[in-house]
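# Residue-level structure breakdown
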Amino acid sequence: MKFCSNETKLKRGLLFPLGLSSPSLTEPSFDNSDTDLNQDSNRSGSFIDSRTLAKTDNDLHTDPLSSTTTKNIHVPMNLPRSLNNLKSIKIRDFNEATLTDDGIMITSQGISLASRASNSEAFLEGQNNASDTSFFETESLVSCVTCLSDNYSSEQRDRFNLSSPSKRLSGSSNNLGDHEASYASVAGQMLVNTVIPYGRILHAEYVNNPKGYLDNTDTVKASDTSSSHSSSNSKDSDNQVTTTTTDHKDRFLTVGRKNNEVNANANDKTKKRSKNGEPKFVEITFAKPRRHDIVPKRLILSISFPSSSPNMDIVEEILKRSYKNARRQRSILVIINPFGGKRKAKKLFMSKCKPILLASKCSIDTAYTKYNKHAVDIAREVDIDKYDTIACASGDGIPYEVINGLFQRPDRAEAFNKLAVTQLPCGSGNAMSVSCHWTNNPSYAALCLVKSVEARIDLMCCSQPSYYKEFPRLSFLSQTYGVIAESDINTEFIRWMGPARFELGVAFNVLQRKKYPCEIYVKYAAKLKNDLKVHYLEHKNRASLRFENELERNQDHDGPESDSHSVDADKITEKDFKLKYPLDDPVPADWERIDPNLTDNLGIFYTGKMPYIAADTKFFPAALPADGSMDLVITDARTPVTRMAPILLGLDKGSHVLQPEVIHSKILAYRLVPKITNSLFSVDGEKFPLEPLQVEVMPRLCKTLLRNGSYVDTDFDSM
Ligand SMILES: Nc1ncnc2c1ncn2[C@@H]1O[C@H](COP(=O)(O)OP(=O)(O)OP(=O)(O)O)[C@@H](O)[C@H]1O
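I will try to describe carefully the structure that is included in this document. This one's a predicted model, so the numbers in the text were calculated from it and none came from an experiment. Residue indices follow the written sequence of each chain, beginning from 1 at its first position. Confidence filtering applies because this is a predicted model: local features only for residues at pLDDT of at least 70, side-chain atom pairs given and counted only at 80 or more, and all residues used for totals across whole chains, interfaces and linings. Hydrogen atoms and water are omitted, and side-chain values are computed over all heavy atoms in the structure.

Moving on to the pattern of salt bridges. One speaks of a salt bridge when a side-chain nitrogen belonging to Lys or Arg is within 4 Å of a carboxyl oxygen belonging to Asp or Glu. Evaluation of the coordinates by the stated rule reveals 28 salt bridges. One salt bridge connects D636 with R638, and the closest N-O pair in it is separated by 2.7 Å. A salt bridge links D652 to K653; the shortest N-O distance between them is 3.9 Å. Any residue under 20% of the maximum accessible area for its type is buried, any over 50% is exposed, and the rest in between are partly exposed; the area is computed with a 1.4 Å probe on protein chains only. Relative accessible area serves as the criterion here: at 54%, K653 is assigned to the exposed category. One network of salt bridges, in which partners are shared, links R327, R330, D388, E454 and K703.

Our next topic: the pairing of strand β17 (residues 602-608). Burial of β17 is extensive: 7 of the 7 residues sit out of reach of the surface. Pairing between strand β14 (residues 478-482) and β17: 5 bridges, direction antiparallel. Bridging across to β17, S478 finds its partner in G608. In this analysis, strands are considered paired if DSSP registers two or more bridges between them. Under the scheme used here, helices are H or I runs from DSSP no shorter than 4 residues and strands are E runs no shorter than 2 residues, and both carry numbers assigned from the N terminus. Pairing analysis gives 6 bridges linking β17 to strand β18 (residues 630-636), with the strands arranged antiparallel. Looking at β18, one finds that F605 is bridged to I634.

Looking now at the sheet that holds strand β6 (residues 280-290). In space, the 6 strands of this open sheet follow the order β4-β2-β1-β7-β6-β5, with mixed pairing throughout. The open sheet is flanked by β4 (195-197) and β5 (201-206), the only strands paired with a single partner. Strand-to-strand twist across the sheet, computed as the mean angle between neighbouring axes with direction ignored, equals 40°. Of the pairings in the sheet, the one linking strand β1 (residues 95-99) to strand β2 (residues 103-108) comprises 4 bridges and is antiparallel in character. The residue of β2 that forms the bridge with A97 is I106. We call two residues in contact when some of their heavy atoms are within 4.5 Å. To get an axis, a line is fitted to the C-alpha atoms, and for a helix only the part in contact is used. The angle between two axes follows their N-to-C directions and goes from 0 to 180 degrees. Its contacts with the sheet place helix α11 (residues 345-359) against β5, β6 and β7 (293-304), and it is angled at close to 25° to β7.

Within the secondary structure, R298 is located in strand β7. The sequence separation of R298 and I284 amounts to 14 residues, and the corresponding C-alpha distance is 5.5 Å.

Let us look at the pairing of strand β15 (residues 518-526). Of the pairings in the sheet, the one linking β15 to strand β19 (residues 663-674) comprises 8 bridges and is antiparallel in character. By the bridge assignment, K523 is partnered in β19 with A669. As defined by bridge partners, β15 adjoins strand β16 (residues 592-593) across 2 bridges and the pair is classed as antiparallel. The residue of β16 that forms the bridge with Y521 is R593.

Laid out in structure tokens, this is it:
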């Protein structure tokens, strides 16, 4: 049992009711979507890592004086009718709320069922005698009481006719044999003027007017009150309170004669309470920060609507705003690499990601990889009609395998049209999640998964003599040769060092000025740095314009079918897999050979399609999801160590590409012919043979999920 400290009481009980500041879950959404997933994300979309996320902890109860985490919303507060009369404090189990542009704003605070059932009635009765006690003190103590528990007990569930948490979860979870996650109510903990952003709302549905919703001015007894709900698009707002629909019979009482009488009574009361429109009882589930993560919480709200839209289906409206341009209730095949992330992948998925996905009403099937490259086989065999998403709870190795498994299917065009491939960052290298979900935190990535738009990204098709006739390999992330490849792959023996092993390997090879002679032929899209900048800005602006247009189109549509599937208009066909530059053909005339004086002294050769290659390494700051090109970075091994130091030290910010010693171009294709016999290539972190390698971009081949339709902002525009 945990009691509030005086300081907490002061903040929660005194400062908030005084309206000094109101806590908000997050800043208003950025761009045109409400996918404002991390409180600390700013409009420029800076990368958020787990350290930053730590600041989001407790942001429901955040320091009210902190300007960074609070937001003043100037609305009249719903204060009790008389501050000195404690009888006027409403003892309700729900908060009153209204919809704003940014989210659902609490306009009047309720008290949790749990606390009231166990403590608050007696507590308040005692307090009622203290006529000289101020409302603010009382409120602080009430807040304290509500800390006692935020879960309904089974007895309270029975009493208040609430379903058990497990019944609430529609998401199936096959193959797991595990328990279903439950999530607690935060009734009574939400302070007035708190805004729950749409970006954090996972689900909403109508509920009964739960028994016991009364204030001490009410005449209806807890045991008598039972209005019902409807999830239909009923135009009659009264019906939404009084009609029970059979599809929710597992959750709600069938309303009998007695209840109808009470409902009529309750409706009179809600009419009395609402000046603008009829309040509706809606249960929302939302993602609330807890320590470094987010967890699902639920809350019952009585939501008023402006009288201008009295017939609005509030649940549908909330869901529409919460999933503005995202597909609702995804069907997900989760592939877990139990060995990923130092064997923590399964635990991370189960504890951090799954609760968010289930609370969002996604359906989940789970498959575990049992051997090396198993995910290739899983993706080759998967029933594409069953899923819209393959989520890899792993490092970057499993998405690589999934993409290649899909590529090897006879119906590959259909498979790439149907399925979005995404990552839940549970491995040691999570570049895909950092680049696409803007985070390497598994719970935030899960939120991003459910809120993101489907977008097409370019892939890179790799051909080498030993395998290309069977199947070339698709790479979504990068290919590297030289210092980085060796540091990545050939330091496996010092794996115990963690990520430092890679940095140590790079430093060691750079200090040695190790050379990796080769021939490189390139088809350029933008050779010089200035041209590259123009290319970048042009494509970035074009993509954001397209995203905004899609958003507008989606907003024009009505109903649950308005989810964004605009990417479907952009389907690929079998001819999109045809190589433009087969390996057997000679190097085309319009390709350029890179100066042999440089390539004979090559230090780093790195090509990539995503901005981050690791959580703290922004190797390709100009990478874009679908600009039809890949980024090329080359260094000369003869570069003095004094000049290499700022290059390597700039990797976290991406500023290394600005250094004059670094070649940075946008390219469409290349061929690299090694002139050494003892080295390797690394493709998406996998070891590839030391043979001539030819790579070309395959535009827009794969669907993935991108937060706000773009990669994490790298600030390349302002570099
Ligand atoms: N059951 C298994 N046994 C052996 N290897 C496996 C198994 N499951 C997956 N793998 C392999 O593990 C490799 C790494 O996977 P992944 O990227 O998900 O993990 P990671 O934690 O990032 O690991 P790494 O640091 O090794 O890349 C892949 O090549 C995959 O084929």
